[in-house]
Every structure is written in structure tokens, then in C-alpha cells.
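Summary of the model geometry
Each chain is listed here by its residues.
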Amino acid sequence: MIKSTHKIGFVSLGCPKATVDSEQVITQLRAEGYEIIPSLGEADMVIINTCGFIDSAVQESLETIDEALHENSKVIVTGCLGAKSDLVRKRFPELLAVTGPHAKDEVMHAVHQHLPAPHDPFFDLVPKQGVKLTPEHYAYLKISEGCNHRCSFCIIPSFRGDLVSRPIDQVMREAENLVAAGVKEILVISQDTSAYGVDLKYKTFFWQGQPLQTRFLDLAQALGQLGVWVRLHYVYPYPHVDQVIPLMADGLILPYLDIPFQHASKRILKLMKRPGNRDRVLERIQSWRECCPELTIRSTFIVGFPGETEGDFAQLLDFLDEAQLDRVGCFMYSPVEGAKSNQLPDQIPEEVRQQRHEIFMLHQQKISAQKLRQKIGKELQVIVEQAYKGGYISRSYADAPEIDGVVYIETDQTLSTGQFYQVRVSDSDEYDCYAALLS
């Protein structure tokens, strides 16, 4: 590969969907001969992909921009915070350019204005799967952009627009390239994975001679043919999600569902402008587990939402007891500029929100510990992530990277990162398992 004289420092913040946006920009940069380096001070230009979903993310993005400008005079800002260009430019008028999320073409236009491309991107300087920011053994596969929901606490549609699905043949070709490059786990992501294809009216395309409709079920079936782990994230519990559970029971895709329930109180869900019926959700969870006993369900919740009473919060804790979810995350409600929930009455004081967050986490911690104790003595297939002092850190099918727990393999044998091994669980705590290697 030609050594580039044009060096670009790149900082990627935010969620996996932002990571995919960063990968697409970096892939184009590499295709045009730019070199990506870790040092912002030594770079000819810096690009920062920001997050702007909650206050803490906004603050991190602003601090990162400030730090970058202290090290480099040429900085481009993109991403969700970039959608608030007036705010960003007012604070940092010296920026070269500010764009919103999923804006590869706009970013590249700004790069070309201030640092012309070293050569024609026609030359094949990058692999077919593109440049990835994840380890070699797993990758995110973004199937759509935007969202048709208008949750009162969320401003993502104002950044990313309505749902725009990628044609299924394009998605499957990308997935094939990932597998050919050695990826062993594909993490399917979007704003609303189970709504995939609704904007295209489930149009049919062909992949490997097979007619596939651009829809959730067909995608899961096709990905299940690739012989790798397939993990589904951000799945709204629409009725047709039931059709995917048998694929999990048959081992075609991982028995793992990431469903953002957000709350259990019907009144709070209505204020959130979220669909959801507590009793119906519990019935479906039971039916899913009857079909696929190994199913792991991950979810996220918000506590301290405006108007949340002690009774509403008690309903949420009761739901946790009945649902017995495997992996749970909890956010303390935080007002986000532009969100409709800011205008709701009965805003909850910060100290109450904090208290409920702590109670929630301790409550779920007991459930998680009990669920993991049930794994003791069982055999698991795991994929190794990295070494640690007593052995290796790995993940099972129940553990998404960076957000769920891990499986610690206690061994003095040498294992390979990104490879699968069989282990037997010997112990567990609130979030993680400990296991011995099986020969």
C-alpha cells in the first residue's frame, strides 16, 4: 500500500450505529489514500463523530472537540451533536465544518476542501468489508437508518430522520464480505430492527439466487445461513418478532433479543409515547421461552420519567420480578434539548431519580445473580476476547460485547483471541460467570 502523506486523526463517540457511520467514513478515507493515525496533534486534520442523545453524551462530545482544537487547528465535526450546528459553531467557530449523522458525503466534501485526496479511490486499497473499528472477530451490520417512532424523550428522529431500510441484497453482500474476512459474530443494528423494510414495502431482491423480501424474518433466515453468530439488537416487540424465535430454537441465529421495553406502567408508557401492555408482554416472554428455553432477553429502562409516581415505579420493579430478564440496563431520566418530555408536568427531582436508579439496579442485580447461578455446571461455547492475569475474558451467546457480562476462563493454557472454545461454568456473581476450559 502507498504510504500517505495525508494523516487524519479520527475520534468516534456514541452508540454502535455511530460506530458504523465512522467505519464508512474511514473506509472512504482509506480508499482515497488517507492514513488514519491515533495522535491528534500529529495529524493534518481531525474528524470527530459526536453523540448528542443525552446530556452526558453532549458534554463528552463538547469536551472532545475542545481537546482536539487545542491539539490541532483543523477539525471537522460530524454525528448527532453536529445536527445542532448552530450550538456547535457558536461555541467553536474555528471548526472547518459541522455535519449531522450518517453524512459520509458531506464529511468527505469538507475533507477534500481542506486536504485534497492523495489519489484516485478507483485503486483497491481497502478490503471488501471496509475498515472496521471493532476487533476482527465481530462486526456491526447496520440494516437501516432513522426511525418512525416519536418517543417523547427521544430526539434521534430529528437527527437521523424517518426509517430508511437498506435493500436486503446489499445487506447480505456486506454480511458475506464480513464472514469472508474472518468475522465470526455479526451484530445486527438499527434504530428499529424489527421495522426493517416497512418503508420499502418489503420489496423482493435476490441473493445467491434466492428471492428475499426486505423484512425482518427474511433477513434473519438469510443471515442464519452464513454459519456465524448472529445477534439481534434494538428489536421492538412487534407481533412478527414471534416468527424469529423458532430460528433461535433451531440454532440458526443466537437465542438473544435486545428489546427496549423502557417501562412497565401503562400510564408512563403513554407519556413516553411508547407502545406496550405489561400483561401481554409477560405472556409473550413466556411463550418465547417455551419455544426457546435458552433465550436471553436484554432490555433497557428509564426511571424518574416526568410524572412517575411511587406506584408507577413499584409496577416497574414488579415487572422485573415477573419477567426475570437476563440482562438489564437502566437510565436515569435526563432532559434532552428538543425532547417533548421536557414540557411534561411533574418533573422528578434529581435526588429522587438517583434514588430510584439505585433501587432499580440493586433489585435487578439480585435477579441477574440468581439467573447466572443457574448456569453453574453447564457447558457453554464462548469466544475469547482478551487475556487477563488469571486466564482469558470471553463471551457466551448471552453476552453482547461491551454492554453485557463476560465469562472468565481460568486457565494457564494459551488460547487465541477471536476463537471459540467449550467451557464449564464453575461460579458466577451478579453479572459475570467463571469457567474452566474443557479439553
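Up top is the structure these notes are about.
Heads up: these notes are all about the structure in this document. If you're wondering where the values come from, they're calculated on a predicted model, not measured in any experiment.

Rules used in this analysis
Residues numbered from 1 in each chain as written. Predicted model: local features only at pLDDT ≥ 70, side-chain atom pairs only at ≥ 80, totals over all residues. Heavy atoms only, no water. Helix = DSSP H or I, 4+ residues; strand = E, 2+ residues; numbered from the N terminus. Rg over C-alpha atoms; globule rule 2.2 N^0.38 Å. Buried < 20%, exposed > 50% of the residue type's maximum accessible area, 1.4 Å probe, protein only. Contact = heavy atoms within 4.5 Å. Lys, Arg positive; Asp, Glu negative; His and termini not counted. Charge placed at Lys NZ, Arg CZ, Asp CG, Glu CD. Pairing = 2+ DSSP bridges. Axes fitted to C-alpha atoms, helices over the stretch in contact; angles between N-to-C directions. Phe/Tyr/Trp six-rings, centres within 6.5 Å; stacked < 30°, edge-to-face > 60°. Parallel < 35°, antiparallel > 145°, perpendicular 65-115°, else oblique. Left-handed = near helix turned anticlockwise from the far one by under 90°. Nonpolar A, V, L, I, M, F, W, Y, C, P; charged D, E, K, R; others polar. Core = buried A, V, L, I, M, F, W, Y, C linked by side-chain atoms within 4.5 Å.

A few words now on the overall build of the chain. Within the chain one finds 12 helices and 20 strands. Here the chain has a C-alpha radius of gyration of 23 Å; the compact-globule value for 439 residues is 22 Å, and the two agree. Based on the C-alpha atoms only, the size of the chain along its principal axes is roughly 60 × 60 × 50 Å. By the burial criterion, 54% of the 439 residues in the chain qualify as buried. Long-range contacts, defined here as pairs at least 24 residues apart, represent 72% of the contacts in the chain between residues at least 6 apart. Averaging the coordinates of the 44 positive side-chain charges in the chain and doing the same for the 58 negative ones gives two points 4 Å apart.

We now examine the sheet that holds strand S20 (residues 433–437). Read around the barrel, 5 strands follow the order S16-S17-S18-S20-S19 and close on themselves; strand pairing throughout is mixed. Neighbour-to-neighbour, the strand axes of this sheet turn through a mean angle of 50°, independent of strand direction. Sheet analysis places strand S19 (residues 420–428) next to S20, joined by 5 bridges and oriented antiparallel. By the bridge assignment, Ser 428 is partnered in S20 with Cys 433.

Moving on: the packing of aromatic side chains. What describes a pair of aromatic rings is the distance from one ring centre to the other and the angle between the planes of the rings. Counting across every chain of the model gives 11 aromatic pairs. Seen from their ring centres, Phe 153 and Phe 305 are 6.4 Å apart, and the 85° between their planes marks the pair as edge-to-face. Taken together, the residues span a long stretch of sequence, with Phe 153 in the loop between strand S7 (144–145) and helix H5 (156–160) and Phe 305 in the loop between strand S14 (296–303) and helix H11 (310–323) at a distance of 152 residues. Geometrically, the ring pair formed by Trp 229 and Phe 420 is tilted, given 5.0 Å between the ring centres and 55° between the ring planes. With a gap of 191 residues between them, Trp 229 in strand S12 (residues 229–232) and Phe 420 in strand S19 connect regions that are remote in the sequence. On the basis of relative accessible area, Trp 229 is assigned to the buried category, the value being 9%.

On to the packing of helix H6 (residues 168–180) against helix H7 (residues 216–223). Between H6 and H7, the shortest axis-to-axis distance is 11 Å and the interhelical angle comes to 25°. By the angle between their axes, H6 is roughly parallel relative to H7. Taken as a pair, H6 and H7 cross one another with a handedness that is right-handed. Where H6 approaches H7, its residues Ile 168, Val 171, Met 172 and Ala 175 are matched on the opposing element by Asp 218, Leu 219, Ala 222 and Leu 223. Residues that form the contact of H6 with H7 fall into these classes: 7 nonpolar, no polar and 1 charged.

Let us look at the nonpolar core. Core analysis: the largest hydrophobic core is formed by 56 residues, its most contacted members being Leu 232, Leu 257 and Phe 360. Sequence-distant contacts of Leu 257, that is, excluding residues within four places in its chain, are made with Leu 232, Val 235, Val 241, Ile 245, Met 248, Trp 288, Leu 295, Thr 296, Ile 297 and Arg 298. In terms of nonpolar packing, the next biggest core, distinct from the first, is built from 20 residues, Trp 229, Ile 409, Leu 415 and Leu 437 among them.

Let us look at the sheet that holds strand S4 (residues 75–79). Taken in spatial order, the 5 strands make up an open sheet running S2-S1-S3-S4-S5, and their pairing is parallel. Two strands close off the open sheet at either side, each with one partner strand: strand S2 (35–37) and strand S5 (97–98). Packing against the sheet, helix H1 (residues 16–31) makes contact with strand S1 (7–12), S2 and strand S3 (45–50), and its axis sits at approximately 170° to S1.

Below, the discussion takes up the pairing of strand S6 (residues 138–142). Most of S6 is tucked away: 5 of the 5 residues are buried. Burial along S6 is two-sided: the residues Tyr 138, Tyr 140 and Lys 142 and Ala 139 and Leu 141 are all buried.

Distances and angles like these do not, on their own, reveal function.
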